[in-house]
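Examining the three-dimensional arrangement
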Amino acid sequence: MKKLLYFIVITAMGMSKSVRQALVQTYFIGLMLIPTLLLGQFSGPSDTDTSDREGGASLVWLGTPSNASESVSNIRVGDTIVLGIKISSYNASKTSIDYAHIDVQIDKRLYTYQNQNPTFNSEVSGNSQFVGANSKMQFSNNHDHYDIWDQWQNGSYVSDSNYEIHHFQTSDTSADGNEVETLDWYVKFKLKVNAFDEAYDYTDGVLITMGRVSVVPSTGEVLLDPLYAYPYQDFSNEPVQAAPTFTNTVANDGQNAIKYKSFKINDYASNGDASEYDAHPTNSAGFDAMFDYGNKKTTTWTHQGRDTATKALTWPWSNILPRHANDNFGWIIEGYFVPPSSGTYKFQLNSDDRSDFWFDANDDGTITNTGIGMGNGSREVDITNLTAGVSYKFRVRYEQGAGGANLYLKWKSPEDVAAGAAYAFNGNSIYSIDADDVTVTMDYTINYNIDPDITATDFSVKTYYESGTNQYTANTGQSAVTLASNGSADISDQIDIDFSKIQHVVFDEPSSTDLATTAAAAVTVADVYLAFQELTDKGINNNETGNKFTHGIQYVNADIDKDGDFDFDDTFVMLDWLNGGTEFSLTNLSSVMRLIETSAYNSVASTAIGNYTTTSKYPLGLTSGTFTYTKNITVSWLGDVNLSHSPTPTNNLSVTGMTVSNSPSMSGKRMGIVNAKEIELYIENEIKDGKVHAKVRTTNAGIPIGALQLKLVYDKGVLKYNQHTFNTGATDFSNVTEDHISFGSLKTEEGAINNQSIYEFVFDTLKPIDSSLGLILFETIEAVTTDNEQVNILIQ
Amino acid sequence: MKKITTLLFLLLILGCQKDYIDDIADINFFDQTEQVVYNNQSIDIILPKDDTYSLLLVGIEGNLIARERFNGVKGSNKRTVYVSLLTEITEVYLMLYNSSGNKLEEVLLKIN
């Protein structure tokens, strides 16, 4: 940098004030391009490089044809600028220059040379110029490009249609000389600015490529050697207006984001107090002109960036996009609209002052004016045949002059229209880029509200999508997620973020043994007894109006035959289950598990029990553009009538026709309840007549027992079940398997089980034995009073 | 000859000594406070008289696990203890009760 500044200073020596000012401007442009320079093929001369200089040739800024003092920053595409060539001599013995021949290369993409006859200074004579069409300097890597006399000798031009070379020559061999070095410029020429493009290398615009300068005394020509062109001579790559810094209020492209450009408009002071377009556009072309910052001096591009769609397309003042001031600003807002459903969308644009609305309705890459009108005020337009999930590019242009201001974009989906809903804005449908290109992270947590007696960590889930009618396919790369001890499952990494797919989270199937164990724990005699009580109360009419159930979900769980109502058929199936029958389908988890969103679970109506089916899968309910979900799902079980293994609804007594009684809550009813009533069981084994007799005798101590369930486990390697006899005065049941027997009783009518009930089992022995101690064990399952109160069981 | 006569006399005397095995057979399973048992283990218990007795398996916390009633005879009685069903238990008490409901013996079983 130090070297550069040094060279600038020495180059400017001897110039007039106006020329120096122009050069300062020019150099300033060059300084801004230093990063490009350092990375480009050219580098500036060092102090050592220029210490031997004898002469210099410089491009000088001469403003516009009408204003020689015009600032570079005021130039726009379409303007005409004037450049001159200044010759300097740094050799005190080589002054009175009377010959100069300088070549200037022009990038025709950026400039159009305006006339073939440049203006030579009146002080010089013997002038000529010619053009090398379609030519570009081929600098030699072995020679400094800024040493233009060296390039004269060693450089060459190559064909390139984007460039042309202009040769400017002055020659006066008279003895008195022209003293060209004393002139601010010896020739000047005009260029029309065609474009600006940051992609062009700065040296591509306009530069001096080679030159020959000499003093021609009578004794012969004396060259200025070395002859340098100043290194940063390019005017071209300075954008007409440099793009403002891109500001990311929203960190990443994605949902509820847009990109915007913000402009200062109606800036008459920058154009001699003259307007260049309508202060309030009356048509699309008016907006085109207003935001044509490259050609309009009264428009300045002040901001750009990415921000929220909410900020861009709703109000108030306190939360709108950046602008230079609250008056005379305008925005171009662009994004993508992703409809959540297919069909015709009604859009409403409301603004103060003007705005228009563009939309790529057929998604062909061409955005067109919707014709919604310019405003002020509210306007509507229908856009038809939109497809759910497709990203449609749109643009809103808006301008604010002075006074009141606002901008709203709202819409109605086909469903909104059908429902008579009002226009509304929803940032979830707006993306800053095509939604398909958005890299997002799904955040999906399901909190399974699962009874504490069910070990949540025994279960795991996976995600599937519907691949056909009743067909489900596992998402690619998904794996089982084990439920946490509190029942939660983070399935964020398991979801295919393809909103066109209907996805479900599905419980992994447990082993048949684990499933049977779970069912056996959840559906016991207390459930059956309560079901019978409900039926024998007012529920016998199949209209779910008894007063033994206190929550609608109990009817759902009691509908064990899954026919949509609760009746005697269900209790028979339950009894069959207690007796080891197969009426209670237990083919897989989905035959007994019930998943209901917790909010719904808490308000299940007894009259709508058919609406809640058993299933082990739950739809994820993904909404296009929404990436954060939390679902609360309650897990209950078919047959769990007393909700011993299903959460108790928190806010529901919505049992049609019931009389709210003082029935105790079903929750927390487990064996070993503190302060619960207690009955005793006397157990005993005995070998009689070569058989083993096992007996249980109840002592209820005056407690009216409505249902009792026990379990006998026996050593199948020694014993074989033979028979049993019960004396309970109730409906008995037994489910005999090869190693255990589930048995008990319940009163299906008024009254209680006998106080001294006896359950006796007889086993054959598979080999001679002298003892039976330890061959038979009894386990307690549960007992309830006739009021469905849980009772502790003590084995004596 | 004298030496042979002396040897035969000694053999006669020693051969008439009380059998040492008889003392071992009188060991009562309840004589120890702890016993290591395995499934299907035979044990010997000494009963004071002919009567109906009960053997109980009682958990460490005092919960009754199993009871067997049997008719015992005075003296040594062989019984068998089965523990294969006690899958989640490592220690259990074995108790002996008489027909009057009085506990006669108790030993802690460590299930092998």
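None of the values given here were measured: they were computed from a predicted structure.

Here is what the cut-offs are and how they apply
- Residues numbered from 1 in each chain as written.
- Chains lettered and ligands numbered in written order.
- Predicted model: local features only at pLDDT ≥ 70, side-chain atom pairs only at ≥ 80, totals over all residues.
- Helix = DSSP H or I, 4+ residues; strand = E, 2+ residues; numbered from the N terminus.
- Buried ≥ 20, exposed ≤ 12 C-beta atoms within 10 Å, placed from the backbone.
- Contact = placed C-beta atoms within 7 Å.
- Axes fitted to C-alpha atoms, helices over the stretch in contact; angles between N-to-C directions.
- Parallel < 35°, antiparallel > 145°, perpendicular 65-115°, else oblique.
- Left-handed = near helix turned anticlockwise from the far one by under 90°.
- Nonpolar A, V, L, I, M, F, W, Y, C, P; charged D, E, K, R; others polar.
- Pairing = 2+ DSSP bridges.
- Core = buried A, V, L, I, M, F, W, Y, C linked by C-beta atoms within 7 Å.
- Domains from an automatic or database assignment.
- Expected span 1.5 Å × (residues − 1).
- pLDDT = per-residue confidence, 0-100.

1. Observations concerning the overall build of chain B
- Per the secondary structure count, chain B includes 2 helices and 7 strands.
- Along chain B, helices (α) and strands (β) appear in the sequence α-α-β-β-β-β-β-β-β when read from the amino end.
- Per-residue burial for chain B yields a buried fraction of 20% across its 112 residues.

2. Thoughts on the overall build of chain A
- A tally of regular secondary structure across chain A gives 13 helices and 42 strands.
- Each of the 796 residues in chain A was classed as buried or not, and the buried ones make up 41%.
- The contacts of chain A with a sequence gap of at least 6 include a subset with a gap of at least 24, amounting to 78%.

3. Thoughts on the packing of helix α10 (residues 525-536) of chain A against helix α12 (residues 568-578) of chain A
All names here are of chain A.
- Put simply, α10 and α12 touch, their axes get as near as 10 Å, and they point 160 degrees apart. With respect to their mutual orientation, α10 and α12 come out roughly antiparallel. For α10 against α12, the interelement crossing comes out left-handed. Residues Val525, Asp527, Val528, Ala531, Phe532 and Leu535 of α10 form the contact with α12, whose participating residues are Phe568, Asp570, Thr571, Met574, Leu575 and Leu578.

4. Thoughts on the interface of chain B and chain A
- Counting residues at the interface gives 18 residues for chain B and 17 residues for chain A.
- Those elements that place two or more of their residues in the side of chain B that touches chain A are β3 (51-58), β4 (64-72) and β5 (75-81) of chain B.
- Considering every element that reaches the side of chain B that touches chain A, the biggest residue donor is β4(B), with 6 residues.
- Class assignment for the residues of the side of chain B that touches chain A results in 10 nonpolar, 3 polar and 5 charged.
- In this sheet, β4(B) lies alongside strand β34 (residues 678-688) of chain A in parallel orientation, the contact comprising 2 bridges. Looking across to β4(B), one finds that A:Asn685 is bridged to B:Glu68.

5. Observations regarding the nonpolar core
All names here are of chain A.
- Val528, Tyr529 and Leu712 are the most contacted members of the largest nonpolar core, which has 102 residues in total.
- A total of 8 residues in this core trace back to one element, the largest contributor, which is α10.
- Two domains share this core, each providing at least three of its residues, namely domain 3 (446-664) and domain 4 (678-795).
- Beyond its immediate stretch of four places on either side in the chain, Tyr529 contacts Gly706, Ala707, Leu746 and Val784.
- Membership of the second largest hydrophobic core comes to 45 residues, among which are Ile85, Ile97, Val104 and Phe168.

6. A few points about α10(A)
Residues and elements named next belong to chain A.
- When the terminal C-alpha atoms of α10 are compared, their 16 Å separation across 12 residues agrees well with the 16 Å that a helix rising 1.5 Å per residue should span.
- Among the 12 residues in α10, 11 count as buried, and that is most of the element.
- Residues Val525, Ala526, Asp527, Val528, Tyr529, Leu530, Ala531, Phe532, Gln533, Glu534 and Leu535 constitute the buried set of α10.
- If you follow the buried residues of α10, they end up packed against α11 (552-558), α12, β36 (705-714), β39 (740-746) and β41 (776-785).

7. Some details on the confidence of the model for chain B
All names here are of chain B.
- Taken residue by residue, chain B gives an average pLDDT of 84. The fraction at 70 or more is 77%.
- In the predicted structure, residues 18-24 sits below a pLDDT of 50 and forms 0 contacts with residues beyond four places in sequence or in another chain.
- Our summary of model confidence lists the complex with pTM equal to 0.52 and ipTM equal to 0.81.

8. Considering α12(A)
Residues and elements named next belong to chain A.
- Three or more residues of α12 are buried, namely Asp570, Thr571, Val573, Met574, Leu575, Trp577 and Leu578.
- Looking at the buried residues of α12, the elements they touch are α10, α11, β38 (731-736) and β39.
- Immediately downstream of α12, the backbone of Gly580 shows phi near 80 degrees, a positive value.

9. Observations concerning the environment of A:Tyr111
All names here are of chain A.
- Tracing the backbone shows Tyr111 in strand β4 (residues 111-113).
- Take Tyr111: there are 22 C-beta atoms within 10 Å of it, and that puts it in the buried class.
- Taking C-alpha positions, Tyr111 is 7.5 Å from Gly205, a pair spaced 94 residues apart along the chain.

10. Observations concerning unusual backbone geometry
Residue and element names in this part refer to chain A.
- The linkage connecting Asp352 with the following residue, Asp353, adopts the cis geometry, with an omega of 15 degrees.
- Summarising the element assignment, Asp353 is placed in the loop between β18 (343-352) and β19 (355-359).
- Cis geometry is adopted by the peptide bond preceding Asn376, which originates at Gly375 and carries an omega value of -5 degrees.
- Locating Asn376 in the fold gives a position in the loop between β20 (368-369) and β21 (377-386).
- Of note, the phi angle at Leu643 is positive, near 60 degrees, even though the residue is not glycine.
- Classification of Leu643 as buried rests on a count of 26 C-beta atoms within 10 Å.
- The phi dihedral of Asp689 falls on the positive side, at around 55 degrees, and the residue is not glycine.
- With respect to the element layout, Asp689 can be found in the loop between β34 and β35 (691-699).

11. Some points on the sheet that holds β21(A)
Residue and element names in this part refer to chain A.
- With antiparallel pairing, the 3 strands of this open sheet are ordered in space as β21-β18-β23. The open sheet is flanked by β21 and β23 (406-412), the only strands paired with a single partner. Here the average twist between neighbouring strands, direction ignored, is 20 degrees.
- Of the strand pairs in this sheet, β18 and β21 are connected by 8 bridges, and their pairing is antiparallel. Across the sheet, Leu349 pairs through a bridge with Arg379, a residue of β21.

12. A short note on the sheet that holds strand β6 (residues 128-132) of chain A
Residue and element names in this part refer to chain A.
- Read across the open sheet, the 5 strands follow the order β6-β9-β3-β11-β12; overall the sheet is antiparallel. Each end of this open sheet is capped by a strand with a single partner; those strands are β6 and β12 (222-223).
- For β6 and strand β9 (residues 163-171), the ladder comprises 5 bridges, and the chain directions are antiparallel. Counterpart to Gln129 in the pairing with β9 is Phe168.

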